[in-house]
Amino acid sequence: MTIAPLIENVSMNKSFGGWHKQYSHQSTTLNCAMRFAIYLPPHVSTGEKVPVLYWLSGLTCTDENFMQKAGALRMAAELGIAIVAPDTSPRGEEVANDDGYDLGQGAGFYVNATQAPWNRHFHMYDYVVNELPQIIEATFPVSDKRAISGHSMGGHGALTIAMLNPERYSSMSAFSPICNPVNAPWGKKAFSAYLGKDKATWLNHDASELMRQATVLVPAKVDQGLADDFLTEQLKPESLEVAAKASNYPLDLRLHDGYDHSYYFISAFIEEHLRFHAEHLSK
């Protein structure tokens, strides 16, 4: 018998017949208190176990950005999909931090840090892949069918985590992901700090490198705005496109005139992403 871990309800709001709830818990993986949000569609009131879409947010975000701004809950309610949104990093006075917004608290990059002082708390990869799903599946009426998506830094996390664990996810998607972090300033700064100077260790967390070498293929959907201020220097979707062609990867990459890096962009196309995931979760 699986014993559910101790979690504490922080808030709850009814939405589209389902419930958006926030919880806090003590993470054994991250060695600190963590918060996550979950949306449970109305289907669970009948006893039905629903699949889960994990959403990974970007730099400086928390669990709240997506749930409040993306406009995803109406479609999740219709499709019968739970959505789980973790925080973007460990937090707290005892957790290492940096003066920059792109390193430290709010900027976990979904890797397991090996370098001090980050290696005490910054194991977001293990948290997202193992600890958080264990909590969700032991506590809530959900199945073990999972999909994963994210934005910017979280798009990087969603793509890399899915490709490193293709047996765990039916599909993956991203908005404005950091596609080639080993060649982007954000990635270079974070990977140097968290993973060290050996750049060979960085490649295992680069979506373009993983897609180029992939043999087990997770269906992928990526949307990118062409008015995104970070497009050329940080995001590099062309690298992902080249990698997909090299491995014949099932990548649907779409570029959109006029759209930027904001949640205005995400909210315009989130319904298509949810329908994409629902199709693959049902198989």
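For the structure itself, consult the block above.
A brief report on the enclosed structure follows.

Conventions and cut-offs
- Residues numbered from 1 in each chain as written.
- Predicted model: local features only at pLDDT ≥ 70, side-chain atom pairs only at ≥ 80, totals over all residues.
- Heavy atoms only, no water.
- Salt bridge = Lys/Arg side-chain N within 4 Å of Asp/Glu carboxyl O.
- Helix = DSSP H or I, 4+ residues; strand = E, 2+ residues; numbered from the N terminus.
- Buried < 20%, exposed > 50% of the residue type's maximum accessible area, 1.4 Å probe, protein only.
- Contact = heavy atoms within 4.5 Å.
- Pairing = 2+ DSSP bridges.
- Axes fitted to C-alpha atoms, helices over the stretch in contact; angles between N-to-C directions.
- Phe/Tyr/Trp six-rings, centres within 6.5 Å; stacked < 30°, edge-to-face > 60°.
- Polar contact = N/O pair within 3.5 Å; in protein donor to acceptor, adjacent residues only side chain to side chain.
- Core = buried A, V, L, I, M, F, W, Y, C linked by side-chain atoms within 4.5 Å.

## Let's talk about the pattern of salt bridges
Line of reasoning, step 1. Under the definition given, this model contains 14 salt bridges.
Line of reasoning, step 2. In this structure, R91 engages D87 in a salt bridge whose closest nitrogen and oxygen atoms are separated by 2.6 Å.
Line of reasoning, step 3. Here K189 and D102 are joined by a salt bridge, their closest N and O atoms 2.7 Å apart. Taken together, the residues span a long stretch of sequence, with K189 in helix α5 (residues 185–195) and D102 in the loop between β5 (82–86) and α3 (124–139) at a distance of 87 residues.
Line of reasoning, step 4. For K189, a relative accessible area of 33% gives the class partly exposed.
Line of reasoning, step 5. Taking relative accessible area as the criterion, D102 reaches 11% and is therefore assigned buried.
Line of reasoning, step 6. Put simply, R74, E78, E271 and R275 are held in one network by salt bridges that share partners.

## What to know about the environment of L210
Line of reasoning, step 1. Tracing the backbone shows L210 in helix α6 (residues 207–213).
Line of reasoning, step 2. Look at L210 and you get buried, because its relative accessible area is 13%.
Line of reasoning, step 3. Taking the C-alpha atoms as reference, L210 lies 15 Å from Y169; in sequence the two are 41 residues apart.
Line of reasoning, step 4. Sequence-distant contacts of L210, defined by excluding residues within four places in its chain, comprise T160, M163, L164, L203 and N204.

## Details of the sheet that holds strand β7 (residues 172–175)
Line of reasoning, step 1. Judged by pairing direction, the sheet is mixed, and its 9 strands sit side by side in the order β1-β2-β3-β5-β4-β6-β7-β8-β9 without closing on themselves. The open sheet terminates on both sides in strands that have one partner only, identified here as β1 (7–15) and β9 (251–256). Across the sheet, the mean angle separating the axes of adjacent strands is 20° when strand polarity is ignored.
Line of reasoning, step 2. Two elements, strand β3 (residues 32–40) and β5, share 4 bridges in a ladder whose sense is antiparallel. Residue pairing in the sheet places F36 in a bridge with P86 of β5.

## Here we look at the side chain of S176
Line of reasoning, step 1. Note on placement: S176 falls in the loop between β7 and α5.
Line of reasoning, step 2. In this structure, S176 is in contact with H151, S152, D223, Q224, D228, L235, H261 and F265, ignoring residues within four places of it in sequence.

## A short note on the environment of A70
Line of reasoning, step 1. On the secondary structure map, A70 appears in the loop between α1 (64–69) and α2 (73–79).
Line of reasoning, step 2. You can call A70 buried: its relative accessible area is 0%.
Line of reasoning, step 3. Those residues within four positions of A70 in sequence are excluded, and the remaining contacts are N65, Y263, I266, S267 and I270.

## Some points on the packing of aromatic side chains
Line of reasoning, step 1. Applying the stated rule across the entire model yields 14 aromatic pairs.
Line of reasoning, step 2. A ring pair is formed by F109 and F191, whose centres lie 6.3 Å apart and whose planes are at 75°; its orientation type is edge-to-face. In this pair, F109 is assigned in the loop between β5 and α3 and F191 in helix α5, connecting sequence segments 82 residues apart. The burial state of F109 is the same as that of F191; both residues are buried.
Line of reasoning, step 3. Consider the rings of F175 and F265, whose centres lie 5.7 Å apart with planes at 85°: the pair is edge-to-face. A residue pair is termed long-range when its members are at least 10 positions apart, and F175 in strand β7 and F265 in helix α9 (residues 263–281) qualify at 90 residues. Here F175 and F265 have matching classes, each one buried.
Line of reasoning, step 4. Members of the aromatic cluster, each reached through a chain of ring pairs, are W55, F66, F175, Y259, F265 and F269.

## Looking at the side chain of T62
Line of reasoning, step 1. Along the polypeptide, T62 turns up in the loop between β4 (50–56) and α1.
Line of reasoning, step 2. Separated by 3.1 Å, the side chain of T62 and the backbone nitrogen of E64 make a polar contact.
Line of reasoning, step 3. Here T62 is in contact with R35, S57, P86, D87 and R91, once residues within four sequence places are set aside.

## Description of the nonpolar core
Line of reasoning, step 1. Grouped together as the largest cluster of nonpolar side chains are 70 residues, with contacts concentrated most on F36, I136, I148, M172 and Y194.
Line of reasoning, step 2. Considering every element that reaches this core, the biggest residue donor is α3, with 8 residues.
Line of reasoning, step 3. If you look at the next biggest cluster of nonpolar residues, it comprises 25 residues, including A37, M67, M75 and F265.

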